Structure formats: C-alpha cells, structure tokens
Amino acid sequence: MFGLNPFEELLYIKISNYFLIGGIFLLWIGFLLLGNIARKFEIVLRIPTRWFFIMVAPTGIFVYGIIVLYSSIFKQMVKMNINQSFIAYFFFLLSGLLTFLGVLQFWGVIKRGGK
C-alpha cells in the first residue's frame, strides 16, 4: 500500500493513527476528570460551574478521531478526502471552542474563590 514495505506502512501509517486515537482518548479522559472536579466545586460552593458542558463538549474530538480512523484504517487512505476533512475539522474546532468556553467559565469560578 502506498509504495511502502510492510514495516514502513506499519510505522508511518498505522502506528501514528493508533497514537492519534490514544491521544484523543487521553485528552477526553482529562476533560472528563476536569468536569468531575468542576462538579465537586459546584456541589460544595453552590455556584454553577457548567461541569456537564466541560464533560460533553470534548466529544467532538472523538468524532474527529473516528473519521480519521475510518479513512486511514478501514478505507486505507493516506489522508481524508475533502468531505471527511471538512466534517472532521468542523467537529474538532467546534469541540475545542465549546470546551474552551466551559473551562473558561470554571476558571472564573476558581479565580473568584467561590465568592
């Protein structure tokens, strides 16, 4: 595939995509933990932290990872086609913006010290 020998194909295509999926999973778990911390702050301080928003917003990163996985592993393409790229990067950008807004809201609660 792609004029590469089997070792190069494994090294340059498959392993890098598996690292991408693993990184996306770890990033999502990190935001899940941050959302759980925000939930605990909301319970203790009785100030809205939008913890659910922090936990749900990064799901768009998973959509990006699934599209990359689909195009590279199942369709055996080096890169996504234009439609896949548009959809994947749209969800990635939207997820990033929404996560940023949720974390910014929580940062404001932390910065005020619960006042």
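### A few points about the side chain of Thr-49
And step 1. Mapped onto the secondary structure, Thr-49 falls in the loop between helix 1 (6-45) and helix 2 (51-56).
And step 2. Overall, the relative accessible area of 0% leaves Thr-49 in the buried class.
And step 3. Residues contacting Thr-49, with those up to four places away along its chain left out, are Ala-38, Arg-39, Phe-41, Glu-42, Ile-54, Gly-102, Gln-105, Phe-106 and Val-109.

### Focus: a nonpolar patch on the surface
And step 1. Side chains of Ile-37, Phe-41, Ile-43, Val-44, Leu-45, Phe-53, Phe-100, Leu-101, Leu-104, Trp-107 and Ile-110 sit close together on the surface and give an oily, nonpolar patch of about 1000 Å² of accessible area.
And step 2. Elements that contribute at least two residues to the nonpolar patch include exactly helix 1 and helix 4 (82-112).
And step 3. Judged by relative accessible area, which is 32%, Phe-53 ranks as partly exposed.

### Thoughts on the packing of helix 1 against helix 3 (residues 59-74)
And step 1. Running from N to C, helix 1 and helix 3 point in directions that differ by 165°, and their axes come no closer than 10 Å. Comparing their axes, helix 3 and helix 1 come out roughly antiparallel. Where helix 1 crosses over helix 3, the handedness of that crossing is left-handed. For the pair helix 1 and helix 3, the contacting residues are Lys-14, Asn-17, Tyr-18, Leu-20, Ile-21, Ile-24, Phe-25, Leu-27 and Trp-28 in the first and Thr-59, Ile-61, Phe-62, Tyr-64, Gly-65, Val-68, Leu-69, Ser-72 and Ile-73 in the second.

### A closer look at the nonpolar core
And step 1. Core analysis: the largest hydrophobic core is formed by seven residues, namely Ile-24, Ile-61, Tyr-64, Ile-67, Val-68, Met-80 and Ala-88.
And step 2. When residues of this core are assigned to their parent elements, the largest contribution, four residues, is made by helix 3.
And step 3. Setting aside chain neighbours within four positions, we find Ala-88 in contact with Tyr-64, Ile-67 and Met-80.

### What to know about the environment of Thr-59
And step 1. Tracing the sequence through the fold places Thr-59 in helix 3.
And step 2. A residue is classified by how much of its surface remains accessible, and Thr-59, at 36% relative accessible area, is partly exposed.
And step 3. Put simply, Thr-59 and Ile-15 are 44 residues apart on the chain and 23 Å apart in space, counted from C-alpha to C-alpha.
And step 4. If we skip the residues at most four places from it in the chain, Thr-59 touches Trp-28 and Ser-95.
And step 5. At 2.8 Å, the side chain of Thr-59 forms a polar contact with the backbone oxygen of Val-56.

### A few points about the packing of aromatic side chains
For any pair of aromatic rings, the description rests on two quantities: the centre-to-centre distance and the angle between the ring planes.
And step 1. What the rule picks out here adds up to seven aromatic pairs.
And step 2. Ring plane angle 85° and centroid distance 5.3 Å describe the contact between Phe-41 and Phe-106, whose orientation is recorded as edge-to-face. Separated by 65 residues along the polypeptide, Phe-41 in helix 1 and Phe-106 in helix 4 bring together distant segments of the chain.
And step 3. Residue Phe-41 is classed as partly exposed on the basis of its relative accessible area of 31%.
And step 4. With a centroid separation of 5.6 Å and an interplanar angle of 35°, the aromatic rings of Tyr-64 and Tyr-89 are classed as tilted. Residue Tyr-64 is located in helix 3, and its partner Tyr-89 is located in helix 4; the two are separated by 25 residues in the primary sequence.
And step 5. Here Tyr-89 falls in the partly exposed class, since its relative accessible area comes to 46%.
And step 6. Put simply, the rings of Tyr-64, Tyr-89 and Phe-92 touch in pairs and so form one group of aromatic residues.
And step 7. The ring centre of Trp-51 lies 5.9 Å from the NZ or CZ of Arg-39, which sits over that ring.

Thresholds applied
- Every chain begins its residue count from 1, and numbering advances along the sequence as written.
- Restriction of local features to residues with pLDDT of at least 70 applies here, the model being predicted, together with a cutoff of 80 or more for giving and counting side-chain atom pairs; totals for whole chains, interfaces and linings are based on all residues.
- As a convention, hydrogens and water are excluded, and side-chain values are obtained from all of the structure's heavy atoms.
- Secondary structure counts use DSSP, requiring at least four H or I residues in a row for a helix and at least two E residues in a row for a strand, with both numbered from the N terminus.
- A 1.4 Å probe rolled over the protein chains alone gives each residue an accessible area, and that area as a share of the maximum for its type sets the label: buried under 20%, exposed over 50%, partly exposed in between.
- Contacts: residue pairs with any heavy atoms within 4.5 Å of one another.
- What goes into a patch is any residue over 30% in relative accessible area without a salt bridge, connected to like charges within 9 Å or, for nonpolar side chains (Val, Leu, Ile, Met, Phe, Trp, Tyr), within 5 Å.
- What sets the accessible areas is the Shrake-Rupley method with a 1.4 Å probe; for residues, cover comes only from the shown protein chains.
- Salt bridges are defined by distance alone: a side-chain nitrogen of Lys or Arg within 4 Å of a carboxyl oxygen of Asp or Glu.
- Only C-alpha atoms enter the line fits that serve as axes; for helices the fit covers just the stretch in contact. Angles between N-to-C directions range over 0 to 180 degrees.
- Under this scheme an angle from 65 to 115 degrees is roughly perpendicular, one under 35 degrees roughly parallel, and one over 145 degrees roughly antiparallel; angles in between are oblique.
- Take the far helix as your reference; a near helix turned counterclockwise from it by less than a right angle gives a left-handed crossing, and one turned clockwise gives a right-handed crossing.
- In plain words, nonpolar cores are sets of buried Ala, Val, Leu, Ile, Met, Phe, Trp, Tyr and Cys residues tied together by side-chain atoms within 4.5 Å.
- Under the rule applied, a polar contact is a pair of N or O atoms within 3.5 Å (in protein, one hydrogen donor and one hydrogen acceptor; residues adjacent in sequence only if both atoms are side-chain atoms).
- Centre distance within 6.5 Å is the pairing criterion for rings of Phe, Tyr and Trp, where only the six-membered ring of Trp is used; planes under 30 degrees apart are then read as stacked, over 60 as edge-to-face, and the remainder as tilted.
- A ring has a charge above it when a Lys NZ or an Arg CZ is no more than 6 Å from the ring centre and no more than 35 degrees off the ring normal.

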